[in-house]
Amino acid sequence: MKYHILRKLFVFVGTAAIFVLSVFAASNGVGKLENITSRSVVPGVTYQQSKAVDGEKIRIINQLEFNINRSDYMVLPWFGTDLYSRHTLTQMAEDAQYRGYSIVGGINGDFFNVDGTVTGMPVGVVIRDGRIICSEDVPPNIGQDKQDSWQTIGFKKDGTAVLDKLTFTKTLTIVKEDGTQSTMEFALFNRNVTGAGLNVFTEDFGLSTKTPEYPSVVLRILQGEFRINETVVCTVEKIDTLADIPLEKGKVVICAPYSYENEAMVDEIRETLKIGMRVDLKMSASSEWNGVWHAISGPDAVLSGGTVTGNPFIKPTNYPSSLVGIKPDGSIVMVQIDGRGSGGSYGIGAIQAGQYMKSLGCTDALLFDGGGSSEIIAQSDGNFTVLNQPSDGSERKIGTCLLIAEKSDAFLNQPVIKPIPPYSSVTSKPADHAAQMIPSCFDHQSAFSSAAQSRITHFETGNVVSEAIENSVSRENDMIGETDCDSVTSTVDTQFAESVFGTMIWVIIGIVFAGIGMIGWLIWRKRDFKSH
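Residues numbered from 1 in each chain as written. Predicted model: local features only at pLDDT ≥ 70, side-chain atom pairs only at ≥ 80, totals over all residues. Heavy atoms only, no water.

Engineer: I keep staring at the sheet that holds strand β20 (residues 307-308) and nothing clicks. Help me out?
Structural biologist: Pairing between sheet strands relies on hydrogen bonds along the backbone, with the strands arranged either parallel or antiparallel. Reading across the sheet, the eight strands line up as β1-β2-β3-β22-β21-β23-β19-β20 and stay open at both edges, with antiparallel pairing between neighbours. On the outer flanks of this sheet lie β1 (32-42) and β20, each paired with one strand and no other. Bridging between strand β19 (residues 300-304) and β20 involves two bridges; their strand directions are antiparallel. If you follow Leu-303 over to β20, its bridge partner there is Val-308. Contacting β2 (45-54), β3 (57-67), β19, β20, β21 (321-326), β22 (331-337) and β23 (364-367), helix α5 (residues 350-359) runs over the sheet at an angle of about 40° to β19. (Pairing = 2+ DSSP bridges. Helix = DSSP H or I, 4+ residues; strand = E, 2+ residues; numbered from the N terminus. Contact = heavy atoms within 4.5 Å. Axes fitted to C-alpha atoms, helices over the stretch in contact; angles between N-to-C directions.)

Engineer: When you look at the sheet that holds strand β26 (residues 400-406) in this model, what are you seeing that I'm missing?
Structural biologist: What the five strands build is an open sheet, ordered β4-β26-β5-β24-β25; its pairing is antiparallel. The open sheet is flanked by β4 (73-79) and β25 (383-386), the only strands paired with a single partner. Averaged over all pairs of adjacent strands, the angle between strand axes in this sheet comes to 25°, irrespective of strand direction. Across the sheet, helix α2 (residues 89-98) touches β4, β5 (103-108), β24 (376-380), β25 and β26, and the angle it forms with β26 is around 40°.

Engineer: Is there a simple way to explain the environment of Met-334 in this structure?
Structural biologist: Assignment of secondary structure puts Met-334 in strand β22. In this structure Met-334 comes out as buried when scored by relative accessible area, which is 0%. Residues Met-334 and Phe-66 lie 268 residues apart in sequence; the distance between their C-alpha atoms is 9.2 Å. Ignoring any residue separated from it by four or fewer positions in sequence, one finds Met-334 in contact with Asn-62, Gln-63, Leu-64, Val-75, Gly-106, Ile-107, Leu-323, Val-324, Ile-376, Leu-402, Leu-403 and Ile-404. (Buried < 20%, exposed > 50% of the residue type's maximum accessible area, 1.4 Å probe, protein only.)

Engineer: Would you take a moment to explain the nonpolar core for this structure?
Structural biologist: Soluble globular proteins tend to bury their nonpolar side chains together. Of all hydrophobic cores here, the largest spans 47 residues; its most connected members are Ile-103, Val-324, Met-334, Leu-402 and Leu-403. In this structure, Met-184, Leu-198, Val-200 and Ile-221 belong to the second largest nonpolar core, which totals 36 residues. (Core = buried A, V, L, I, M, F, W, Y, C linked by side-chain atoms within 4.5 Å.)

Engineer: Even after reading the chapter, I still don't get the pattern of salt bridges, so can you show me in this structure?
Structural biologist: Opposite charge on two side chains lets them pair, provided their charged atoms get close. Under the counting rule described, the total for this entry stands at 12 salt bridges. Ionic pairing is found between Glu-248 and Lys-251, a salt bridge with its closest N-O pair at 3.5 Å. Judged by its relative accessible area of 41%, Glu-248 is partly exposed. Relative accessible area serves as the criterion here: at 15%, Lys-251 is assigned to the buried category. Residue Arg-278 is joined to Asp-280 by a salt bridge in which the shortest nitrogen-to-oxygen separation is 2.9 Å. Comparing Arg-278 with Asp-280 shows no difference in burial state: the two are buried. By sharing partners, the salt bridges in this structure join Arg-220, Glu-237, Glu-248 and Lys-251 into a single network. (Salt bridge = Lys/Arg side-chain N within 4 Å of Asp/Glu carboxyl O.)

Engineer: Help me understand the environment of Ala-243 in this model?
Structural biologist: For Ala-243, the position within the fold is in the loop between β15 (231-242) and β16 (251-255). Among the residues examined, Ala-243 registers a relative accessible area of 41% and is labelled partly exposed. On a C-alpha basis, the gap between Ala-243 and Ser-216 in space is 8.5 Å, while along the polypeptide they are 27 residues apart. Not counting residues up to four positions away in its chain, the partners in contact with Ala-243 are Thr-211, Pro-212 and Glu-213.

Engineer: Whenever I open this one, the side chain of Asn-108 confuses me. Can you help?
Structural biologist: With respect to the helices and strands, Asn-108 occurs in strand β5. Asn-108 sits in the buried class, given a relative accessible area of 0%. A polar side-chain atom of Asn-108 sits 2.9 Å from the main-chain carbonyl oxygen of Asp-369. Here the side chain of Asn-108 touches Glu-375 through a polar contact of 3.0 Å, landing on its backbone nitrogen. Once residues within four sequence positions are removed from consideration, Asn-108 is found in contact with Leu-89, Ser-322, Phe-368, Asp-369, Ser-373, Ser-374, Glu-375, Ile-398, Thr-400 and Cys-401. (Polar contact = N/O pair within 3.5 Å; in protein donor to acceptor, adjacent residues only side chain to side chain.)

Engineer: Hey, could you run me through unusual backbone geometry in this one?
Structural biologist: One can expect most non-glycine residues to show negative phi and most peptide bonds to be in trans. Non-glycine residue Asp-244 carries a positive phi angle of around 45°. Looking at the element boundaries, Asp-244 is found in the loop between β15 and β16.

See the structure below:
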């Protein structure tokens, strides 16, 4: 008798468990999709808008999708005048167009610096056309859990992508005249000086290093570019104690802040380096990053290898959100969901965002900056149209974005990396880097509000710092790390309430049906027993 009771109990629990798991697997994170409309932006790139109904919550979802293998388009990370400046998404698309790229659309990118002076400096890595623009530098004040979740998505030419934490090994090698070498690590590449370690700057950082008076070295690039696992060969041009050093094309600046940790390195540089001496710089990464042509970072990989991995500490559930996802066939999906009631849309949290990206067929997806920064645009009749309704009421100036661009010549024909020459054959010819950003003066309409017409439609390259701090108050509490413990706890509770408690309703229904089925089975077994 006990055996039969246990068997019936196992059947009951197993039936309920299977039903619960199927409900979880079927959840798309946003609700029932309605009013789905789609159109072709250009052949190969599709725009879709839909409304998701989840009880009393309404979510307006905007999507751009294309296949990198079956179309003429690629993704293109972009930033403003330089890493220190901020511009609107539309301005960045206009500037990329002005510089020779054919732009179809795009979405906002990584979080940008709000520690003190608001600048466009992204938190994570940026790689464009194979060139490393800046290394990683997740601020320590945002909390360890958020530091650990910061990820980079790298796109390769064959349509595959990498979504992982990207950390560079950065080495500086002094090649002495007698052929001996001295190697040390540098800390940051095109980042704000933090006080420890050597800091390396190029013209991508800004007009100058924006540093106090530090022991510094100015190098001239002789060969190579800052690409993953490639050596950049330089020669020493100037050694001095300098402040706010101008950054020029074809040159590199090394700054060594005064600190106990830097004392030995500073002494070695002073004693060893001489004008004309060779210095090699290299930024290495694990083999999975080989072949990455474009890369950009974000605060959370909400979907990894087909598993929802959203961090509930990252986003409130009503947050305007931007994401990029990849499918196994090489399709790339940019998703933007309005929130905070903007346009009547509730918003979405990290867990639900991962569920939705999975429902689209993505295997991996990265969450970008959100709040008032969340925005998506597409080309329409030669103009760029804002497809969503930003919660600020107009376009916010941001630090980076991810554009959809026609494949460039560089993408189609990657330049051959030349071998490193021996010391005696090094010449003084500087590398040919891209020109400074050219001011653009396009004027495109935006679809969401007449307030957007007041935005600045050109870059002022001579005053990037003042432009960077303009309207800093609009950043509100979008940057993670600004929320206090109570609000973080509230965020987690709300996320789990919506993703787990909400699903429990279906669990109860499943248990009820399983119970009815069990009762029916027992009645049938009882009658069958009597008949025998």
